Amino acid sequence: RDFTLAMRRCLAAVLLGRLAAASVELSSEGDFDHLVRQNRRAMLVEFYSGMCGSCQEFEPTWLRLTTQASRLESARVNIDNTAGMALAQRLGILDIGVPAVVLFDKMPRPDAYETLMASDTYPLSRLMKRLYHATKGRDLAIDDEGFFLKAPR
């Protein structure tokens, strides 16, 4: 029994590690609610379109950014699907343009975000600098697994 429990915990740790390292596709309002609004961790989210040339050009930078920003959970929202478009419209992302990289880091206002990049493609170094000022520069708390937590206010 103890061995089975230990194996389950080990498997869960491996799976959670893989999920934390990869961006999750948010494909519904429920996904967004669960992963962004209700999550205590700060979330880095990219809004993109598969039909957008700039978005396609930015994808390798996004992948490097999520690898280097290992203290943030990351997710992507494709505005080509109906739910992604509705979410982007509700949050005002379409007003700033895609690709957009935003940071959800405020606890009492779960839909509040800080725009790190919108409609232009920034080099990785510029994004990392902006991310530093948005997270480490503000001394966000860290949970037991090393992820940044949303600011309490």
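About the criteria used
- Residues numbered from 1 in each chain as written.
- Predicted model: local features only at pLDDT ≥ 70, side-chain atom pairs only at ≥ 80, totals over all residues.
- Heavy atoms only, no water.
- Helix = DSSP H or I, 4+ residues; strand = E, 2+ residues; numbered from the N terminus.
- Buried < 20%, exposed > 50% of the residue type's maximum accessible area, 1.4 Å probe, protein only.
- Contact = heavy atoms within 4.5 Å.
- Areas by Shrake-Rupley, 256 points an atom, 1.4 Å probe, with all protein chains shown as cover.
- Pairing = 2+ DSSP bridges.
- Axes fitted to C-alpha atoms, helices over the stretch in contact; angles between N-to-C directions.
- Parallel < 35°, antiparallel > 145°, perpendicular 65-115°, else oblique.
- Left-handed = near helix turned anticlockwise from the far one by under 90°.
- Nonpolar A, V, L, I, M, F, W, Y, C, P; charged D, E, K, R; others polar.

S.K.: Just give me the short version of the overall build of the chain, but keep the residues and values in it.
M.R.: What the chain contains, in helices and strands, is six helices and five strands. Counting only residues that meet the buried cut, the chain has 41% of its 153 residues in that class. Of the contacts made within the chain by residues no fewer than 6 positions apart, 62% connect residues no fewer than 24 positions apart. With the model as given, the accessible surface of the chain reaches about 8700 Å², and the carbon-plus-sulfur share is 54%.

S.K.: Describe the environment of Gln-56, naming the residues involved and giving the relevant values.
M.R.: Note on placement: Gln-56 falls in helix 3 (residues 53–68). Of the residues examined, Gln-56 reaches a relative accessible area of 47% and is grouped as partly exposed. Each C-alpha atom of the pair Gln-56 and Pro-99 lies 8.9 Å from the other, and the pair is 43 residues apart in sequence. Every residue in contact with Gln-56, bar those within four places of it in the chain, is listed here: Gly-50 and Met-51.

S.K.: Residues and numbers for the sheet that holds strand 3 (residues 73–78), please.
M.R.: Here we have five strands laid out as an open sheet, ordered 1-3-2-4-5, and mixed in their pairing. For this open sheet the edge positions go to strand 1 (24–25) and strand 5 (114–118), each flanked by a neighbour on one side alone. Two strands pair when backbone bridges link them, and strand 4 (residues 100–104) and strand 5 are joined in this way by four bridges, in the antiparallel orientation. Pairing of Ala-100 across the sheet is with Ala-118, part of strand 5.

S.K.: So what's going on with the packing of helix 3 against helix 6 (residues 124–134)? Residues and values would help.
M.R.: Think of two packed helices as two axes; the pair is described by the angle between the axes and how far apart they sit. Relative to each other, helix 3 and helix 6 sit at 40 degrees, their axes nearing to 10 Å. Classified by the angle between their axes, helix 3 and helix 6 sit oblique to one another. When the axes of helix 3 and helix 6 are compared, the crossing they make is right-handed. Only Leu-124, Leu-127, Met-128 and Leu-131 of helix 6 make contact with helix 3, whose side of the interface consists of Phe-58, Thr-61, Arg-64, Leu-65 and Gln-68. Its residues assigned to classes, the contact of helix 3 with helix 6 comprises six nonpolar, two polar and one charged.

What is shown is where atoms sit, not what they do.
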